[in-house]
Amino acid sequence: MIFTPSHFTAVLLFALFASIVFAITQRSNTRAMVRYGLFCFAMFVVSVIAASWLMYFIRH
Amino acid sequence: MASKVQVPGKGEAEPRSGFVFLPLIAGWLVPGAGHALQKRWGRAALLFLSITSMFSLGLMMQGKLYMPNTGDVLDMLGFAGDFGAGLLYVAGRALDLGHGAVQVATADYGTKFIVVSGLLNVISAVDAHNIRVGRKP
């Protein structure tokens, strides 16, 4: 089976899985894990969008 | 003569006896198994789901599984990352997956998914070891 996601879908999947593992391994209690997981996910996505716009302006 | 015996402080988890590296090894071989051995079922399930999904999606995107003996330094580093996935890597090689001959952008993403899933698995196995020795509650 072949899976060909768009660039943004690939980013979202990567951010989701990496954030879950970071949250579980870097924090001790459940509440802190949820907060840190959401923070990591947001940082991944925001960083990618910012980098994309940066590359767009460099290109144009 | 004073002896230097470490006594766990108040609220600090006391390390249990036995083979302390078992969660580390089990967690490396099967994602989340190190946490499951310590009855952290929720964490174990989430780790297994995340790491296995990432590895599988990488293969489905036609990502490449690195070989250990190509002679290229970057390939060897890629292999070190892939091998962190433990039995998932062995299964992928046994099923003859991850040749990486397809030249599309998602295949490159897939290769990165596979490497990162291996590295995340190493982090989770070390976390299981830290719980086992009482370094993490």
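Model, not experiment: these values are computed from the prediction.

Describing the interface of chain A and chain B
The partner chain B presents 21 residues to the 15 residues of chain A that form the contact. Looking at the side of chain A that touches chain B residue by residue, the class counts come to 12 nonpolar, 3 polar and no charged.

A few points about the environment of V73 of chain B
With respect to the secondary-structure elements, V73 of chain B resides in helix α4 (residues 73-83). Residue V73 of chain B is classed as exposed on the basis of its C-beta count, with 8 C-beta atoms lying within 10 Å.

Notes on the nonpolar core
Within the largest apolar cluster, 34 residues are counted, with the highest numbers of intra-cluster contacts made by V21 and I24 of chain A together with M54, F55 and F113 of chain B. Those elements giving two or more residues to this core turn out to be α1 (7-26) of chain A together with α2 (33-37), α3 (41-60), α5 (87-94) and α6 (105-132) of chain B. Setting aside anything within four residues of it in sequence, one finds M54 of chain B in contact with F17 of chain A together with F113, V116 and S117 of chain B. Counting 5 residues, the second largest nonpolar core, distinct from the first, contains L24, W28, A128 and I131 of chain B.

Cut-offs applied
Residues numbered from 1 in each chain as written. Chains lettered and ligands numbered in written order. Predicted model: local features only at pLDDT ≥ 70, side-chain atom pairs only at ≥ 80, totals over all residues. Contact = placed C-beta atoms within 7 Å. Nonpolar A, V, L, I, M, F, W, Y, C, P; charged D, E, K, R; others polar. Helix = DSSP H or I, 4+ residues; strand = E, 2+ residues; numbered from the N terminus. Buried ≥ 20, exposed ≤ 12 C-beta atoms within 10 Å, placed from the backbone. Core = buried A, V, L, I, M, F, W, Y, C linked by C-beta atoms within 7 Å.

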